[in-house]
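Summary of structural features
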Amino acid sequence: MMKEKSISASKASLVFFLCQMISALDVPLDSKLLEELSQPPTITQQSPKDYIVDPRENIVIQCEAKGKPPPSFSWTRNGTHFDIDKDAQVTMKPNSGTLVVNIMNGVKAEAYEGVYQCTARNERGAAISNNIVIRPSRSPLWTKEKLEPNHVREGDSLVLNCRPPVGLPPPIIFWMDNAFQRLPQSERVSQGLNGDLYFSNVQPEDTREDYICYARFNHTQTIQQKQPISVKVFSMDSLNDTIAANLSDTDIYGAKPVTERPPVLLTPTGSTSNKVELRGNVLLLECIAAGLPTPVIRWIKEGGELPANRTFFENFKKTLKIIDVSEADSGNYKCTARNTLGSTHHVISVTVKAAPYWITAPRNLVLSPGEDGTLICRANGNPKPSISWLTNGVPIAIAPEDPSRKVDGDTIIFSAVQERSSAVYQCNASNEYGYLLANAFVNVLAEPPRILTPANKLYQVIADSPALIDCAYFGSPKPEIEWFRGVKGSILRGNEYVFHDNGTLEIPVAQKDSTGTYTCVARNKLGKTQNEVQLEVKDPTMIIKQPQYKVIQRSAQASFECVIKHDPTLIPTVIWLKDNNELPDDERFLVGKDNLTIMNVTDKDDGTYTCIVNTTLDSVSASAVLTVVARPNPPLDLELTGQLERSIELSWVPGEENNSPITNFVIEYEDGLHEPGVWHYQTEVPGSQTTVQLKLSPYVNYSFRVIAVNEIGRSQPSEPSEQYLTKSANPDENPSNVQGIGSEPDNLVITWESLKGFQSNGPGLQYKVSWRQKDVDDEWTSVVVANVSKYIVSGTPTFVPYEIKVQALNDLGYAPEPSEVIGHSGEDLPMVAPGNVQVHVINSTLAKVHWDPVPLKSVRGHLQGYKVYYWKVQSLSRRSKRHVEKKILTFRGNKTFGMLPGLEPYSSYKLNVRVVNGKGEGPASPDKVFKTPEGVPSPPSFLKITNPTLDSLTLEWGSPTHPNGVLTSYILKFQPINNTHELGPLVEIRIPANESSLILKNLNYSTRYKFYFNAQTSVGSGSQITEEAVTIMDEAMASRQVDIATQGWFIGLMCAVALLILILLIVCFIRRNKGGKYPVKEKEDAHADPEIQPMKEDDGTFGEYRSLESDAEDHKPLKKGSRTPSDRTVKKEDSDDSLVDYGEGVNGQFNEDGSFIGQYSGKKEKEPAEGNESSEAPSPVNAMNSFV
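What counts, and at which threshold
Residues numbered from 1 in each chain as written. Predicted model: local features only at pLDDT ≥ 70, side-chain atom pairs only at ≥ 80, totals over all residues. Heavy atoms only, no water. Helix = DSSP H or I, 4+ residues; strand = E, 2+ residues; numbered from the N terminus. Buried < 20%, exposed > 50% of the residue type's maximum accessible area, 1.4 Å probe, protein only. Contact = heavy atoms within 4.5 Å. Areas by Shrake-Rupley, 256 points an atom, 1.4 Å probe, with all protein chains shown as cover. Core = buried A, V, L, I, M, F, W, Y, C linked by side-chain atoms within 4.5 Å. Pairing = 2+ DSSP bridges. Axes fitted to C-alpha atoms, helices over the stretch in contact; angles between N-to-C directions. Salt bridge = Lys/Arg side-chain N within 4 Å of Asp/Glu carboxyl O. Polar contact = N/O pair within 3.5 Å; in protein donor to acceptor, adjacent residues only side chain to side chain. Phe/Tyr/Trp six-rings, centres within 6.5 Å; stacked < 30°, edge-to-face > 60°. pLDDT = per-residue confidence, 0-100. Patch = residues over 30% accessible without salt bridge, like charges linked within 9 Å, V, L, I, M, F, W, Y side chains within 5 Å. Disulfide = S-S within 2.5 Å.

1. What to know about the overall build of the protein chain
Each helix and strand in the protein chain was counted, giving six helices and 88 strands. Across the 1188 residues in the protein chain, those meeting the buried criterion constitute 44%. Within the protein chain, contacts between residues separated by at least 24 positions form 67% of all contacts whose residues are at least 6 apart in sequence. Only carbon and sulfur atoms are counted for the fraction: they give 50% of the accessible area of the protein chain, which is about 61200 Å².

If you want it as C-alpha cells, here you go:
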C-alpha cells in the first residue's frame, strides 16, 4: 500500500524540516489557511490492494482525497477507462471517489472482478491509488465421494484426509463429531497444517464412526462439512481369535499383542524439503511422525539459534512458528522424532524473500518560486525492486517536459522551480513479490509570513518544568523566526532557551520570574508579522502528607491521609483509586477533603490505594498498601492415621492465614465416653507443621479438633475428626494429693483427688485405701471403696501419725503400687498453759514478754504458736477506769518471747499467754500485771488568747489529752513581731500545772506577739502549740501619728532614714561578698525524749528504734492578722501507736521468729531562739531589721 504523510486533523502547529539541499515545508491543516492556499491532490483513503468482497453484499471501492481546489475523480478497470455513467449498477459518492456497485438486483459479483485504479485530479496535479484487485469470496461444497471404513491394527499409524474445497480466502479446518464436540488431540493424535488428522499410533478407544472434517469460510460466515469417516481399530488378541477359528496350528498365538516401532515421518516426506516465506510473515514448519511409543519432536536450526522472543511451538511441538521473519531467519531447520526404539529427522531449507519495503518514501514539497528541492524514493526487497517515476499518473518518460526537473534513478532534482512546476509525482517500487506506490506533490507557492498561533494566547506551566510557547507559522519562502521578551525587549539568545524549527520557543526550566509577555516575529522576503503570547509559571502541586502503609484487622477502620499544597490560582481535584481502578461503589468508603476512610474493613478491601491530585497543569500521586488481617480460618480435612493402642497420627490442611502467618496450631480432644461436649487441651505444634503424633490413654472415645493461631488471635475450631475408641487397660496412675487429717479426736479422715474419667483406663474404677499407725502397726488395714474421694477411719487415738496409701483399680486390674504419705488422727484442745510468764518494760510504750514452752505431748495437735492477750487496766495519772479492750498478738511456731508495742505511758496493764493448735486455744496462764513509766505529755488541748488591751492579753488553755504522767508545769514563750514580720526578743514563763489561764501585762500597744506553749512532766517537755495575737492601739496616739505624718519635717526625717538604710544595705552587701559574718539565730537542739532510746534485743532480732527530731523551729510568723500557725510551726501530733504491723489475730502479727520489727518516731518542736536572732539565713533585710 502506498505510504503517505499523515496530517493532523486539529489546528496543529506547522512543522518545518530541512531536506538535504533544499528548504521545504508542509502546509498545515489550518481551515482558514487551506481556504486560501492551492494544493495538489493527496489520496487520504483507499481500499486494500487485494480486496476480497462478500458476493452477497454491495461492493464498495474506497477512494478519498483532499486538495485545493477539491479534486475530481476518475477510475480505470483492467487498465482502461471505466465509464461509470454507462453502468447503472455503479455510482460514485458525492464529493468523493468511492464507488458503490449494487448487486442486489440479481447482478453477480463475479461480473465486477478486475483491477481498479482511482485518479484524483485538480489544476495542481493528479494523484493515483494502488491497483485494487476485486475478487468475490467463494465457499464451495465438498464433492460427493464414497468413503470406505478404515480398518487398522492397534499400534499402526493412520491419516484421515480432509481435502477441503478450494475457497477464497482459504478456509479454517477443524475436526468434530456428530455432537459438534471438538475431537480431543494430543501428542499421539493431532491435526496438520493441511487439515488432515494424523494418528502416530491408534488405540482401541480411537474406534468411532463420526470423524468429521469441517471448513469454515469467514468472509461468508459459512461452515461446510465432509461426510463422516469411520475408523475400526482391531487389537492383536481379537485378530488372533479370528485366525484361530480358521487355522489349527499357527505361531501367531505367540505374537506380542502390539508391536512397538521406531519413528517414521508422516509429513513431510523424505529427508529434506524447501520452504519460501516472505519477510514480515509468519513462518510455519511442521513435522508429524508415526511410531510406538508415540515419538517426541525436537527442533533446531543448523548453524545457529532459534530467534528468541519470536519462536513458538504449537501442536504439541510438532509445529515450529517464527513470527515477523526476516532475511536473517533463512537457513536449515531440522526436526527430530524420537522414541525408545530410535529416531528419524527431516531438514527444511528456508529461504526468506521480501516484497518491496520503504527505506525512504517520497515526501511532499512546498517551495517558493526560484527554490530548489528533491524527491527521494528508496526501497529494498529480495530481489531488489526496480524504481519507476510517474507525474500526474503518467510515466515521467512520456509526461510533458519541465526544465526545472531532472530524474536521477530514485531521485528527482528540482532547480529554480516556478509555479507551473507544481505537480503530483508517483514512485513505484516493484519486484516479483509485490509493489509499492507513493504519491508526493511539489507545490510552488509565494506567500508572505503568517502566524497561526492566536494572539495573546495564555500559556501556563509549572515551575521547574519545561515551557513550550508556540509560534505556528506559514510562508513561502520559509520565514525566519525570532523571539523577544516583552513587546519591545531584546532578542532572546543563549543556552537558557531552545528554538525549534517549527517556531516553538522552549524554556527548559521555567522559573517564577519567567512569567511575562513573549513576542514572536516571522519574516521572509515577502513581508513580516509578529504575535504576542503570555506565560504564567505556577507553583507545583505537592502531596505534603502521603498515605502510609496500613495493616488493619478485619471489621476495623482504615484511614489514609492525602494533604496537598498547590498554587492558589489552580483548582485541584483529588481522586482515590484502588488497584488503579475506581473505588468500589460502597457507602463504607468515605472520601474527605484530606483523607479516605474505610469503615468496617473486609478482606476485599485489601490492595493498593492511590491518591491522585490533578490540576489543569500537573498531576501528582501517592500510593499506600492496605493489608487486611484477621484471625486464620479453621483448619480443614482432619484425618486420623496410624492408629495404635497408645498413639495416633493426626493431620490437617491449614485454612487461610488472612495475611497474618499462622504461628502455631492447638490440638484439643473430646472424651465422648466420659465427658461428652467438653474439650480439653492436648498439645500444640508450630505453624509450619500439619501433622502430629498424639499420645492416647486407654478406654477413651477420642475426637480431635485443631485451632490455628496467628498474631491476631485464634481461629474457630475445626470440624471434629472421626472418633477413635482406645482399648481398656489397668490404671496407669494413682490418685494424687492423698492426705490424712482427723476431724475429731478419735478419727482419721483420708482424702484424695479422684482420677478423671479418661485416667480410669477402663470400667469399674475403685480405690484401695490402706493405713497403719506409724511405728506401732506392722500390718496394713485396707478397704476397697467405690469411685469416691474420702474415707473415715474411726476409733483412733488422739493425734497420732499414720502411714496412708490409696491405690486405683478397675475391672482389668490394679494401678502401680502407690507411694505412702504420713497423716495424723484428730487433734484435741491443748491441756497445759505456758508457765513462768515474765514482762520486761522497755520504755513507756513498749514491753517484752517471755514464757516457757508447754510440753509437746500436752499440745495434742500441731503446734501453731502462742497468743498473748493484754489489756489496759487503768491510767495511773487519772485513776479512772474505762472499758477494758483486750488486744491479741499471735506468735507463730515454738516461740517463747514477743514484743508488745503501742502501750500507753504511765498505765497499768495485764496479760496472759495461751498455746494454740489446729483445734483451738489451750488454757490461759495466770494474769501478769505490769506498769509503764511516765512519758512526755501530748500538746495542750487548746490555747486561746482573749481580751486584748493596750498592754495586756489573756491566755486560756486546756490540759493535754494524754498527760502520760504527772504534769509538773507549763512553759510559755512569746516574742514580738515587727511590721516586717521579724521576731523580737523571746520571753519564757513557767506556769504551775494546776493553772488554766494567765493575764500577760506590760506589753507594747499595737504589737503582734507569737506564743509557744507546752506542758511538762518529770520526764520532759511535750510538743508545743503556737498562737498569735495583737494588742490594741491608743486612739489619741493614733491621731497624733496621723498629724505627725502630715508634717514636712517628719517627711524629711523619714527620707533621711531611708537614705541611711540604703547606705547600710550597700555596705552589708559588700561585706557579705567578702565573707563577712552577720548575727544569726542559733538553732536549739530539741529536748531528747528519754523514753525513746536506741535499743537492741538480746537475741538480735529486735529492730533498731530511734527518735526522729523535727527540723529547726522557724520563728517567722504568719501574715499579719492570721491566727493559723505558719508552715514551719510544729502542730499537735497524734502520739498513739498502731498495732497493725506487729502481729495477727485481733490486732496484728509479729514476724515468724516472734520479734517485732519496726520504728517509732515522734516529732518535737525546737525551743524558740533567744534574743533578736532569726532562724532565717543572714540577709541585708534581716540586718536592716535589727536596727528597727
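Past the structure itself, the notes keep going.
2. Some points on the nonpolar core
Core analysis: the biggest nonpolar cluster contains 29 residues, and Ile59, Ile61 and Trp75 have the highest contact counts within it. Sort the elements by how many residues they give to this core and strand S11 (residues 114-122) lands first, with three residues. Setting aside anything within four residues of it in sequence, one finds Ile61 in contact with Ser47, Tyr51, Trp75, Gly97, Thr98, Leu99, Tyr116, Ile132 and Ile134. Of all hydrophobic cores here, the second largest spans 21 residues; its members include Leu375, Ile396, Ala429 and Val444.

3. A word on the sheet that holds strand S74 (residues 835-843)
Either a parallel or an antiparallel arrangement is found when strands of a sheet pair, and the pairing is made through backbone hydrogen bonds. The strand order across the open sheet formed by three strands is S74-S75-S78, and the pairing between neighbours is antiparallel. Two strands lie at the open edges of the sheet, namely S74 and strand S78 (897-900), each paired on one side alone. Averaged over all pairs of adjacent strands, the angle between strand axes in this sheet comes to 20°, irrespective of strand direction. Relative to S78, strand S75 (residues 846-852) runs antiparallel, the two being bridged by four bridges. Bridge pairing links Ala847 to Leu900 in S78.

4. Some words on the sheet that holds strand S36 (residues 405-408)
Taking strand neighbours across the sheet as the criterion, the three strands line up as S32-S37-S36 in an open arrangement whose pairing is antiparallel. Edge positions in the open sheet fall to strand S32 (373-376) and S36, since each of these has one partner strand only. Within the sheet, the average angular offset between the axes of one strand and its neighbour, ignoring direction, is 20°.

5. A word on the pattern of salt bridges
This structure, assessed with the given rule, holds 36 salt bridges. Between Asp210 and Arg208 there is a salt bridge whose closest N-O contact spans 2.7 Å. Of the residues examined, Asp210 reaches a relative accessible area of 13% and is grouped as buried. Asp579 is the salt-bridge partner of Lys578, the closest N and O atoms lying 3.2 Å from each other. Taking the relative accessible area as the measure of exposure, Lys578 reaches 12% and is therefore buried. Among the residues examined, Asp579 registers a relative accessible area of 36% and is labelled partly exposed. Where salt bridges share partners, they join Arg153, Asp156 and Arg261 into one cluster.

6. A look at the environment of Trp175
Looking at where Trp175 falls in the secondary structure, it is placed in strand S16 (residues 172-176). For Trp175, a relative accessible area of 2% corresponds to the buried category. A polar contact is formed between the side chain of Trp175 and the backbone oxygen of Gly195, at a distance of 2.8 Å.

7. Quick look at the pairing of strand S34 (residues 386-391)
If a strand is regular, its side chains alternate between the two faces of the sheet. Direction of pairing for S34 relative to strand S38 (residues 423-431): antiparallel, over a ladder of six bridges. Opposite Ile387, over in S38, you have Ala429 as the bridge partner. Strand direction decides the pairing type here: S34 and strand S35 (residues 394-395), joined by two bridges, are antiparallel. Its bridge partner being in S35, Thr391 is matched across the sheet by Val394.

8. Section: the packing of aromatic side chains
Scanning all chains against the criterion turns up 21 aromatic pairs. Ring geometry for Phe414 and Tyr425: centres 5.4 Å apart, planes at 70°, overall edge-to-face. With Phe414 in strand S37 (residues 411-414) and Tyr425 in strand S38, the pair connects residues that are eleven residues apart, well separated along the chain. Taking the relative accessible area as the measure of exposure, Phe414 reaches 1% and is therefore buried. Its relative accessible area of 1% is what places Tyr425 among the buried residues. Note on Trp851 and Phe891: the rings are 6.1 Å apart at their centroids and 45° apart in plane angle, and the pair reads as tilted. Taken as a pair, Trp851 in strand S75 and Phe891 in strand S77 (residues 887-892) lie far apart in primary sequence, 40 residues in all. The structure contains a cluster of three or more aromatic residues connected by ring pairs, namely Phe174, Phe180 and Tyr214.

9. So, the pairing of strand S64 (residues 701-710)
Among the ten residues in S64, ten count as buried, and that is most of the element. Burial of S64 is two-sided: the residues Asn701, Ser703, Arg705, Ile707 and Val709 facing one way and the residues Tyr702, Phe704, Val706, Ala708 and Asn710 facing the other way are all buried. In terms of strand pairing, strand S61 (residues 662-671) meets S64 through nine bridges, oriented antiparallel. Across the sheet, residue Tyr669 finds its bridge partner in S64, namely Phe704. Direction of pairing for S64 relative to strand S65 (residues 724-725): antiparallel, over a ladder of two bridges. Of the residues in S65, the one forming a bridge with Asn701 is Leu725.

10. Remarks on unusual backbone geometry
Between Leu168 and the following residue, Pro169, the backbone shows a cis peptide bond with an omega angle of -10°. Residue Pro477 follows Ser476 across a cis peptide bond; omega there is 5°. Turning to its location among the elements, Pro477 is positioned in the loop between strand S43 (473-476) and strand S44 (480-485).

11. Observations regarding the environment of Cys377
Tracing the backbone shows Cys377 in the loop between S32 and strand S33 (378-382). Separated by ten residues in sequence, Cys377 and Ile387 have C-alpha atoms that sit 7.8 Å apart. Apart from the residues within four sequence positions on either side, Cys377 is in contact with Trp358, Thr360, Pro362, Ile387, Trp389, Asp410 and Cys427.

12. A look at the confidence of the model for the protein chain
Summary statistics for the protein chain give a mean pLDDT of 84 and a share of 84% for residues scoring 70 or more. The low-confidence segment residues 1-23 (pLDDT under 50) makes 61 contacts with residues lying over four places distant or belonging to another chain. Of the regions scoring below 50 in pLDDT, residues 1076-1188 engages in 246 contacts with residues more than four places distant in sequence or in other chains.

13. Digging into a nonpolar patch on the surface
A contiguous nonpolar surface patch, about 530 Å² in accessible area, is contributed by Leu1059, Leu1062, Ile1063, Ile1066, Val1067 and Ile1070. Following the sequence through the fold, Ile1063 ends up in helix H5 (residues 1048-1073). With relative accessibility at 45%, the residue Ile1063 sits in the partly exposed group.

14. Some details on the side chain of Ser770
Within the secondary structure, Ser770 sits in strand S68 (residues 766-773). Within the local environment of Ser770, its side chain forms a polar contact with the side chain of Ser782, the two groups lying 2.7 Å apart. Not counting residues within four places of it along the chain, the set of residues in contact with Ser770 comprises Trp780, Thr781, Ser782, Glu803, Ile804 and Lys805.

15. Thoughts on the side chain of Ser952
Note that Ser952 resides in the loop between strand S81 (940-946) and strand S82 (953-960). Since its relative accessible area comes to 12%, Ser952 is described here as buried. Side chain to side chain, Ser952 and Thr949 meet in a polar contact 2.4 Å long.

16. A word on the state of the cysteines
Applying the stated criterion across every chain yields a total of six disulfides. For the protein chain, the bonded cysteines connect in the pattern 1-2, 3-4, 5-6, 7-8, 9-10, 11-12 when numbered consecutively along the sequence.

17. Let's talk about the environment of Gln203
Position of Gln203 relative to the elements: it lies in the loop between strand S18 (197-199) and strand S19 (208-217). Relative accessible area serves as the criterion here: at 18%, Gln203 is assigned to the buried category. As for Gln203 and Glu154, which are separated by 49 residues in sequence, their C-alpha atoms are 5.4 Å apart. Apart from the residues lying within four places of it in its own chain, the contact partners of Gln203 are Glu154, Arg188, Val233 and Leu292.

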